[in-house]
Protein chains: 4
Amino acid sequence: MHIGIIGLGRMGANMRSRLRQHDIDVTGYDTNPAVSDVGSLAELVEVLPAPRVVWVMVPSGPVTDGVVADLADLLDAGDLVINGGNSRYTDDLAYGETLGAGGVRFVDAGVSGGVWGDRYGYGLMVGGADEDVERAMPVFDALRPEGPREEGFSHVGPVAAGHYAKMVHNGVEYALMQAYAEGYELLAKRTDLVTDVEATFAGWQRGTVVRSWLLELLVRALQQDPELDEIKGYVEDSGEGRWTVDEAIDQAVPVPTIAAAIFARFVSRQDDSPAMRAVASLRNQFGGHAVKPAEE
Amino acid sequence: MHIGIIGLGRMGANMRSRLRQHDIDVTGYDTNPAVSDVGSLAELVEVLPAPRVVWVMVPSGPVTDGVVADLADLLDAGDLVINGGNSRYTDDLAYGETLGAGGVRFVDAGVSGGVWGDRYGYGLMVGGADEDVERAMPVFDALRPEGPREEGFSHVGPVAAGHYAKMVHNGVEYALMQAYAEGYELLAKRTDLVTDVEATFAGWQRGTVVRSWLLELLVRALQQDPELDEIKGYVEDSGEGRWTVDEAIDQAVPVPTIAAAIFARFVSRQDDSPAMRAVASLRNQFGGHAVKPAEE
Amino acid sequence: MHIGIIGLGRMGANMRSRLRQHDIDVTGYDTNPAVSDVGSLAELVEVLPAPRVVWVMVPSGPVTDGVVADLADLLDAGDLVINGGNSRYTDDLAYGETLGAGGVRFVDAGVSGGVWGDRYGYGLMVGGADEDVERAMPVFDALRPEGPREEGFSHVGPVAAGHYAKMVHNGVEYALMQAYAEGYELLAKRTDLVTDVEATFAGWQRGTVVRSWLLELLVRALQQDPELDEIKGYVEDSGEGRWTVDEAIDQAVPVPTIAAAIFARFVSRQDDSPAMRAVASLRNQFGGHAVKPAEE
Amino acid sequence: MHIGIIGLGRMGANMRSRLRQHDIDVTGYDTNPAVSDVGSLAELVEVLPAPRVVWVMVPSGPVTDGVVADLADLLDAGDLVINGGNSRYTDDLAYGETLGAGGVRFVDAGVSGGVWGDRYGYGLMVGGADEDVERAMPVFDALRPEGPREEGFSHVGPVAAGHYAKMVHNGVEYALMQAYAEGYELLAKRTDLVTDVEATFAGWQRGTVVRSWLLELLVRALQQDPELDEIKGYVEDSGEGRWTVDEAIDQAVPVPTIAAAIFARFVSRQDDSPAMRAVASLRNQFGGHAVKPAEE
């Protein structure tokens, strides 16, 4: 099999290498000529055998929009585009239509695993028609982890379903991380009782109900920085957690832990909370409670 | 009527003055001789006409414990102690027993209104036997706001019920303050739309569903400090909110907004959140996401 | 002054009557001829003196979209449209553009007060240009409550600002209601301590920190139904709370109490929670905990 | 090594059998003669070689209190008691003192793993003095899972630290379960996109960031009951989650996801929420919103 990959950032480049190790021919295209195998998108399309399979791995939003628009022009009916980036699932519906107008097939693939995927394989959640997913299966089999296919890959449903599942996956991930983090703070607070926080988390890795990969990563982080004092409690978010809450609100699904995890990140990025200034002002008004003046 | 007040801090002193304005004779005792009317607790007990009525207005916990123990020694059967401090309702159960062993009667009174109570009267929530509450009614009528008694006073139930209601009152208060504060942040964030946050809140004082005394205080705070930039978003808590959550947990009552309000205060007091350092570390581990190093 | 009102449902009809009591001439149009003063929108436009002022009071979304489109056709440059319905603020931006293309001016007005507004006046939050807001001031003065204008009316900012403020108002309102409701459940749970829940809430109406109009409504509800057992704990939401959370997510503003209030409503409408079935299943899997079989 | 086990319920009996498979001699005592190896606690103490090691595995609270009191009478200085039940960590402090008065040593052991521990070993978190933990190490090594000791066992700190860590473990566990459950509801809601929820979760087991043992259990549950419709969304809690929130409140540690998980369980057990009846009543009062009458 011979496929194209568009976008050779860290993820795309890792995937190219993993696919090649699994005997898939890959031609990569990137706007950065230093990493690109070809000089242009048109050239990429030219070198691929028809019907073509193209994996898109570029930033979600406008960049993906542009690549899909270009591919709609360049590809032929029967070619297949797989969107492996972190697109919002509603965007995939539009991509499917844009490409489908010219008979180009479309599959969306949510990809999990981060920088570890190169070593262990990527968890894949895929949306699209049966025959399109089937056609791309050698690619999915090369990218997914070792072991039974159904434990690291799922064909979730029609186009957009893959990124829908990935969005939910990430919302859950936010809440899982926050849960361990709350446990960390509770353990770290009682230095009179918990003499070694890292050892305590390490001991949770086998036999307990809370064992998980995230736990193993937390142990690894604590081994490198036992007090976590080389890092600031400032946490970005990449959008998918927000989309999950938006979707939950639309669907009237209560998601208190996912929302709490997002809000905790928002707060972590504030130097001083406007809301808490309002609460402090109120306390001051009704109770004459002492307040902390803002620093000069 | 002639009563004793023990504890002449800001609240106790204000109450003494309000009671005297309402033609109640008051003898006050405080460990600070500069404000005390008598030299000792024993002297206070001596000057009060039997059966005595004594209002205790000292810090909750050990100080109140000590005063109640002393009163149990000094008072006679048929005397009445009213605990107006912010005690945990479970403490009142113990006080009732300690005093009751010698036939001394006991009533607990939750008091709301803060520093404004001196001017407008105090909202009162009272627990105790009917005859004891009835005996103290002239005191309650003097302390409570103008208007119908039942709108600023309630006899909630037996001993401890007054402070139980006050605890719930304060838990609700925390959540109300947090609600307005979230609204404040949302309004203040969109400077492109909301050109005058203070005027917006001011306009909510009549006719809207959210009009309240807390809203009026927020308007007052904004009039004094329109950007709330003379204050830090650092908020203490006085214990009653915590008790409310503890009680809710014991009673299996879901209190998501009250708990959220308490947690927001906890976070506001942290320079850097240990939990969020854990989340940042986790992101770093799985995604190679850039992190902010802790500052030197 | 002579204005038109489009939409004579409960709110629109009440407003027509309140405006007339304040010596504003009003011609109302509704698709229901039984309540309409004129036979068509065109006729309404015809009878109004130029430059015209038209208050739109129809359901938000497609219905308002349609009315605005019709008015863009019928009105002349210099006429003024005020959107008093519960539109999402982003819709107002579009309305302003649609109407502005033909020189028609536009103001959005968030209206609070519910069914009580007819008696007490409506809290108003308005967005638009200074001269447009000024032109409509007699209408706002007639609709708003007695008392100082700035306590029941605010000119929040440019077009869309009025409904932005109204959206935030409603988000806050959701959280306030939830806060009192949690307090209600805590008080009602301890029948051993709180012998009269209604009297306890009634006693909070004067002097306490939590006094508010919502509290007065809760007292009123408890007077009519002391155990609240004539009503089901099933709560709809009208959209504005959802928009508030969506906006907060977009703006990275933490809104834990507003979100908790929305989620509590979502849960209240579920016969059986899918999420909690998942938790019950998990407990069953790892602990062999007894579970409740679904009922036949 | 020869130890005694007190309490041969499911967990105690499983442990006895696992220890015997690992060549530890075990004499078990239970009040149920059908499962007990000896007729009385005194007899158990008699048959054990001095210095004795006794593992207590009975319900936390009064039952453990009673067993510890009995052991304080029966054991000799230098004997060692290990409390493997789910005690609140503050109880362990008292047990350590009670036993220590007579020179009896004490270790507390938090045990995780549920019914699967018999097969895979138990995750262990232990509190106590170094020499006492060392003495009991053959027991811990037999009970813990295969693999490196430090991945399934930790010596957390002094007496009470083991159960403190176990309490936090369970608090985290509650939040993790709730996180997956929210994801489940989001996936199950969109039947238009997610055609096979079980396959989607199954595909998360390898390569994804959210892979964990709980996830595997959820997949197992879905394999047995794909729609989770044989179970009711009614979830008990065993106390440790509540203790975690209480502790967090005491320590001023924000735990929004753990608290949300507990509250969700509380709600799941309510037929009709008093709080939401209050919210529905309020909506009815101010808006004339339609309400659902309580069913007959």
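Remember, it's a predicted structure, so these values are computed and weren't measured experimentally.

Reading the values: the criteria
Residues numbered from 1 in each chain as written. Chains lettered and ligands numbered in written order. Predicted model: local features only at pLDDT ≥ 70, side-chain atom pairs only at ≥ 80, totals over all residues. Heavy atoms only, no water. Salt bridge = Lys/Arg side-chain N within 4 Å of Asp/Glu carboxyl O. Helix = DSSP H or I, 4+ residues; strand = E, 2+ residues; numbered from the N terminus. Buried < 20%, exposed > 50% of the residue type's maximum accessible area, 1.4 Å probe, protein only. Least-squares fit on C-alpha atoms with pLDDT ≥ 70 in both. Contact = heavy atoms within 4.5 Å. Pairing = 2+ DSSP bridges. Axes fitted to C-alpha atoms, helices over the stretch in contact; angles between N-to-C directions. Buried area = accessible area lost by both parts, 1.4 Å probe. Polar contact = N/O pair within 3.5 Å; in protein donor to acceptor, adjacent residues only side chain to side chain. Nonpolar A, V, L, I, M, F, W, Y, C, P; charged D, E, K, R; others polar. Core = buried A, V, L, I, M, F, W, Y, C linked by side-chain atoms within 4.5 Å. Expected span 1.5 Å × (residues − 1). Phe/Tyr/Trp six-rings, centres within 6.5 Å; stacked < 30°, edge-to-face > 60°. Lys NZ or Arg CZ within 6 Å of the ring centre and 35° of its normal.

### Let's talk about the pattern of salt bridges
Pairing between side chains becomes possible if they bear opposite charge and their charged atoms approach one another.
At step 1: Enumeration over the complete set of coordinates arrives at 64 salt bridges over all chains.
At step 2: A salt bridge links Asp141 of chain C to Arg149 of chain C, with the shortest nitrogen-to-oxygen separation between them at 2.8 Å.
At step 3: Note that Arg105 of chain D is salt-bridged to Asp132 of chain D, the shortest N-O span being 2.9 Å. In this pair, Arg105 of chain D sits in strand β5 (residues 105-112) while Asp132 of chain D sits in helix α6 (residues 130-135), placing the two residues 27 residues apart along the sequence.
At step 4: Take Asp132 of chain D: its relative accessible area is 3%, and that puts it in the buried class.
At step 5: Through salt bridges with shared partners, one network takes in Arg16, Arg20 and Asp37 of chain A.

### Topic: the relation of the copies chain D and chain A
For the pair of chain copies, the relating operation is a rotation around an axis with a shift along it.
At step 1: Turning chain D through 180° and shifting it by 0.0 Å along the axis lays it on chain A, with an RMSD of 0.1 Å. Both copies of the chain, as the preceding transformation shows, are related through a two-fold rotation axis. Of the C-alpha atoms belonging to chain D, the one lying closest to the rotation axis is found on Ser212 of chain D, 2.0 Å away.
At step 2: Here 100% of the contact residues of chain D are again contact residues in chain A; the copies associate through an equivalent surface.

### Quick look at the relation of the copies chain B and chain A
At step 1: You can overlay chain B on chain A at an RMSD of 0.1 Å; the transform is a turn of 180° with a shift of 0.0 Å along its axis.
At step 2: Take the interface residues of chain B: 100% of them recur as interface residues in chain A, which is what a same-surface contact looks like.

### A short note on the sheet that holds strand β2 (residues 25-29) of chain C
Residues and elements named next belong to chain C.
At step 1: One open sheet accounts for seven strands, arranged β2-β1-β3-β4-β5-β6-β7; its pairing is mixed. Edge positions in the sheet fall to β2 and β7 (153-157), since each of these pairs with one other strand and no more. Across the sheet, the mean angle from the axis of one strand to that of its neighbour is 25°, orientation sign disregarded.
At step 2: Note: strand β6 (residues 123-127) against β7, four bridges, orientation parallel. Opposite Met125, over in β7, you have Ser154 as the bridge partner.
At step 3: Against the sheet, helix α1 (residues 10-21) makes contact with β1 (2-6), β2, β3 (53-56) and β5 (105-112), and its axis sits at roughly 170° relative to β1, the strand it touches most.

### What about the interface of chain D and chain A?
It is common to give the size of an interface as the accessible area that goes away when the parts come together.
At step 1: Taken residue by residue, the interface counts 72 residues in chain D and 72 residues in chain A.
At step 2: Three residues, Leu186, Arg206 and Val209 of chain D, lead the burial of chain D against chain A; their summed loss comes to 12% of the area buried on that side.
At step 3: The interface formed by chain D and chain A includes four salt bridges.
At step 4: Note that Arg206 of chain A is salt-bridged to Glu151 of chain D, the shortest N-O span being 2.7 Å.
At step 5: Joining chain D to chain A, the criterion identifies 26 residue pairs in polar contact (both at pLDDT 80 or more).
At step 6: Per-element tally for the side of chain D that touches chain A: the top contributor is helix α8 (residues 161-189) of chain D, with 18 residues.
At step 7: Each residue belonging to the side of chain D that touches chain A can be placed in one class, and the counts come to 38 nonpolar, 21 polar and 13 charged.

### Some points on the nonpolar core
At step 1: By size, the foremost hydrophobic cluster in this structure holds 240 residues, and its most contacted members are Phe201 of chain A, Phe201 of chain B, Phe201 of chain C together with Phe201 of chain D.
At step 2: The residues contacting Phe201 of chain C, other than those within four sequence positions of it, are Tyr180, Gly183, Tyr184, Leu187, Leu215, Leu218, Val219 and Leu222 of chain C.

### What to know about helix α12 (residues 256-268) of chain A
At step 1: When the terminal C-alpha atoms of α12 of chain A are compared, their 18 Å separation across 13 residues agrees well with the 18 Å that a helix rising 1.5 Å per residue should span.
At step 2: Across the 13 residues of α12 of chain A, 11 count as buried, placing the element largely inside the fold.

### Focus on the packing of aromatic side chains
Aromatic ring pairs are reported here in terms of the distance separating the ring centres and the angle at which the planes meet.
At step 1: Evaluation of the coordinates by the stated rule reveals 36 aromatic pairs over all chains.
At step 2: Taking the centre distance of 6.1 Å and the plane angle of 5° together, the rings of Trp116 of chain A and Tyr120 of chain A count as stacked.
At step 3: Under the relative-accessibility criterion, Tyr120 of chain A is labelled partly exposed at 40%.
At step 4: Ring pairing ties together the aromatic residues Trp55, Phe140 and Phe153 of chain A, which thus form one cluster.
At step 5: If you follow Arg211 of chain A out to its NZ or CZ, it ends over the ring of Trp213 of chain D, 4.2 Å from the centre.
At step 6: Seen from the ring of Tyr174 of chain B, Arg265 of chain B lies directly overhead, with NZ or CZ sitting 3.7 Å from the centre.

### A look at the interface of chain B and chain A
At step 1: Between chain B and chain A, the residue contacts involve 57 residues of the former and 57 residues of the latter.
At step 2: Both faces considered, chain B and chain A share a buried interface measuring about 5100 Å² in area, 64% of it formed by carbon and sulfur atoms.
At step 3: Our count for the chain B to chain A interface comes out at zero salt bridges.
At step 4: Taken together, the connections running from chain B to chain A amount to 16 residue pairs in polar contact (both at pLDDT 80 or more).
At step 5: Broken down by secondary-structure element, the contributors of at least two residues to the side of chain B that touches chain A are α8 (161-189), α10 (213-224), α12 (256-268) and α13 (274-287) of chain B.
At step 6: Examining the composition of the side of chain B that touches chain A, we find that 13 residues originate from one element, α13 of chain B, more than from any other.
At step 7: Per-class residue counts for the side of chain B that touches chain A are 27 nonpolar, 13 polar and 17 charged.

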